[in-house]
Amino acid sequence: MPLRSTARTNLVDMVIAQMESLISDGEWKVGEKIPAEPLLVEQLAVGRNTVREAVRALVHTGMLEPRQGDGTYVRASSDFGAAVQRRVRRAGLLEAYEVRASLERDAARYAAERRTPEDVAALRSALAERDRAWDSGDVEAFVDADLTLHRAVAAAAHNAVLADLYGHLSDAMRSAVRSVIGAPVPDAVRHQIDAHRAIVDAIEAKDPEAAEAAVLAHLSEAMAALRAQPQDEADAEPTR
């Protein structure tokens, strides 16, 4: 029986699947550099060309991003996340934030109706980490902690589609989150911290109306801060 090229293609597909699993499971985190090619060849026990084809395929989907002279980085946690990022780059950040705001409002309401004791513990832990990050003055750590808290709210809604969409959209617009958090008025920032605590309190109390009201109060200030930005900054491409 003559040899067929499908065996090689299947091997590439298997390597792609392994890499996708490493990314989606968080072993390779968004923003991190993946192992160098020689190490991938050794760990996967495949040829260099197979690794290169697999990496090229994931670069094409947008999950990986090569950086000249530096290496290859994880850009999105799934091909769906990469598609969301591409769409956000074609839109203004204000438009993207409006969609994110709608998801936050619904997530908070659902979370208040469906949350478990474990969800409340996760929310309280994320809120405490957010406060610690703010006190530290580390903006990047605060952005990460803020997104972790909002993802915990989405997770507490117990709607996998909503949680996935929210997570991918948030990853795609980190610069918008940073610009709103970085509002130059300390009182406004402190009120934002209080507003997030009110959201968690309402979810723990299983009060959907209060949870939605707290989110809307938070969003109105965040949206105003984003609208106040110069247009060229508001429409800038999100940072990686």
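Use the structure listed above.
Residues numbered from 1 in each chain as written. Predicted model: local features only at pLDDT ≥ 70, side-chain atom pairs only at ≥ 80, totals over all residues. Heavy atoms only, no water.

J.: Any chance you could break down the packing of helix H2 (residues 37-44) against helix H3 (residues 48-61) for me, citing the residues and the numbers?
T.: Interhelical geometry of H2 versus H3 gives an angle of 110° and a closest axis separation of 9 Å. In terms of orientation, H2 and H3 fall into the roughly perpendicular class. Residue-level contacts link Glu-37, Pro-38, Leu-40, Val-41 and Leu-44 of H2 to Arg-48, Val-51 and Arg-52 of H3. Of the residues belonging to the contact of H2 with H3, the class tally is 5 nonpolar, no polar and 3 charged. (Axes fitted to C-alpha atoms, helices over the stretch in contact; angles between N-to-C directions. Helix = DSSP H or I, 4+ residues; strand = E, 2+ residues; numbered from the N terminus. Parallel < 35°, antiparallel > 145°, perpendicular 65-115°, else oblique. Contact = heavy atoms within 4.5 Å. Nonpolar A, V, L, I, M, F, W, Y, C, P; charged D, E, K, R; others polar.)

J.: Any details on the pairing of strand S2 (residues 71-74)? Residues and values, ideally.
T.: Note: strand S1 (residues 64-67) against S2, 4 bridges, orientation antiparallel. Looking at the pairing, Leu-64 lines up with Val-74 of S2. (Pairing = 2+ DSSP bridges.)

J.: A description of empty space enclosed by the protein should follow, citing residues and the corresponding values.
T.: Counting across every chain of the model gives 1 cavity of 30 Å³ or more. Quantified by volume, the largest cavity comes out at close to 90 Å³. Forming the boundary of the largest cavity are Glu-104, Ala-107, Ala-108, Leu-149, His-150, Val-153, Ala-154, Tyr-166, His-196, Ile-199, Val-200 and Val-215. Where the lining of the largest cavity is concerned, the elements lending two or more residues are helix H5 (93-114), helix H7 (139-156) and helix H10 (186-204). (1 Å grid on protein atoms, 1.4 Å probe; cavity = no way out; pocket = protein on both sides within 12 Å on 5 of 7 lines; lining within 4 Å. Points joined across faces, edges and corners; volume = space filled by probe spheres on them.)

J.: Explain the packing of H5 against H7 to me, using residue names and the numbers behind them.
T.: At a closest axis distance of 7 Å, the pairing of H5 and H7 adopts a crossing angle of 55°. Here H7 runs oblique to H5, going by the angle between their axes. Here H5 and H7 pass one another in a crossing that is left-handed. For the pair H5 and H7, the contacting residues are Arg-100, Glu-104, Ala-107, Ala-108, Tyr-110, Ala-111 and Arg-114 in the first and Asp-146, Leu-147, His-150, Val-153, Ala-154 and Ala-156 in the second. Of the residues belonging to the contact of H5 with H7, the class tally is 8 nonpolar, 1 polar and 4 charged. (Left-handed = near helix turned anticlockwise from the far one by under 90°.)

J.: Would you mind going over the side chain of Arg-115 in detail, with residue names and values included?
T.: Following the sequence through the fold, Arg-115 ends up in the loop between H5 and helix H6 (117-136). For the buried residue Arg-115, which engages in no salt bridge, the nearest side chain bearing the opposite charge is Glu-204, 5.8 Å off. Side-chain polar atoms of Arg-115 contact the backbone oxygen of Ile-203, separated by 3.4 Å. Separated by 2.5 Å, the side chain of Arg-115 and the backbone oxygen of Glu-204 make a polar contact. Every residue in contact with Arg-115, bar those within four places of it in the chain, is listed here: Val-120, Ala-156, Ile-203, Glu-204 and Lys-206. (Buried < 20%, exposed > 50% of the residue type's maximum accessible area, 1.4 Å probe, protein only. Lys, Arg positive; Asp, Glu negative; His and termini not counted. Salt bridge = Lys/Arg side-chain N within 4 Å of Asp/Glu carboxyl O. Polar contact = N/O pair within 3.5 Å; in protein donor to acceptor, adjacent residues only side chain to side chain.)

J.: Quick one: what's the story with the packing of aromatic side chains, residue by residue and with numbers?
T.: One pass over the full model with this rule turns up 1 aromatic pair. Arranged with centres 5.4 Å apart and planes meeting at 55°, the rings of Trp-134 and Phe-142 form a pair that is tilted. With relative accessibility at 3%, the residue Phe-142 sits in the buried group. For Arg-67, the ring lying beneath its charged end belongs to Tyr-73, and the centroid distance is 4.0 Å. The side chain of Arg-114 reaches across the aromatic face of Tyr-110, ending 4.4 Å from its centre. (Phe/Tyr/Trp six-rings, centres within 6.5 Å; stacked < 30°, edge-to-face > 60°. Lys NZ or Arg CZ within 6 Å of the ring centre and 35° of its normal.)

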